[in-house]
Amino acid sequence: QVQLVESGGGLVQAGGSLRLSCAASGRTFISYTMAWFRQVPGKEREFVAASSGRSSSVYYSDSVKGRFSISRDNAKNTVYLQMNSLKPEDTAVYYCAALERGAAIATIKSRFQYDYWGQGTQVTVSS
């Protein structure tokens, strides 16, 4: 039902910045929990950041806290991930995810809670 389209990935030098975008087709985007995950070959999909919707709360993994910022434009049904001070270890395919209902704080970081996923966008950080 919900379609997610990601954009903004690319190649960047360590210390640089990128902004990812994810446009959603859902009718009630304002109530969705939106999140960003990332994955590298051979590893599990890793939580990066989430926005809880109506509560406007945001959450980050320890590895990106202070460097990345998630935001959303509900009028545009779009969520963003601003990535600053990028490191080579940030290299991954980044995925946008959506949950049509609220998530408990304890589970908002779990990839298994999300109903919809974008196609992924590659972020490569060179050293």
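Refer to the structure presented above.
Residues numbered from 1 in each chain as written. Predicted model: local features only at pLDDT ≥ 70, side-chain atom pairs only at ≥ 80, totals over all residues. Heavy atoms only, no water.

A. Summary view of the sheet that holds strand β7 (residues 68-73). Judged by pairing direction, the sheet is antiparallel, and its four strands sit side by side in the order β1-β3-β8-β7 without closing on themselves. Looking at the sheet topology across the chains shown, the edges are occupied by β1 (4-7) and β7. Neighbour to neighbour, the strand axes of the sheet diverge by 15° on average, direction disregarded. One ladder, built from four bridges, connects β1 with strand β3 (residues 18-24); its direction is antiparallel. Bridge pairing in β3 places valine 5 opposite alanine 23. (Pairing = 2+ DSSP bridges. Helix = DSSP H or I, 4+ residues; strand = E, 2+ residues; numbered from the N terminus. Axes fitted to C-alpha atoms, helices over the stretch in contact; angles between N-to-C directions.)

B. Representation of the nonpolar core within the structure. Counting 28 residues, the largest nonpolar core has Leu4, Met34, Trp36, Leu81, Met83 and Tyr94 as its most contacted members. What tyrosine 94 contacts, discounting residues up to four positions off in sequence, is Glu6, Leu20, Trp36, Phe37, Arg38, Val48, Phe68, Leu81, Met83, Gly120, Thr121 and Val123. Within the second largest apolar cluster, nine residues are counted, among which are Phe47, Ala50, Tyr59 and Leu99. (Core = buried A, V, L, I, M, F, W, Y, C linked by side-chain atoms within 4.5 Å. Buried < 20%, exposed > 50% of the residue type's maximum accessible area, 1.4 Å probe, protein only. Contact = heavy atoms within 4.5 Å.)

C. How the structure looks around the pattern of salt bridges. Here the structure, examined in full by the defined rule, presents four salt bridges. Close ionic contact of aspartate 90 with arginine 38 constitutes a salt bridge, the shortest N to O distance being 2.9 Å. In this pair, aspartate 90 is assigned in the loop between β8 (78-83) and β9 (92-99) and arginine 38 in strand β4 (residues 33-39), connecting sequence segments 52 residues apart. This pair shows no difference in class: aspartate 90 is buried, exactly as arginine 38 is. (Salt bridge = Lys/Arg side-chain N within 4 Å of Asp/Glu carboxyl O.)

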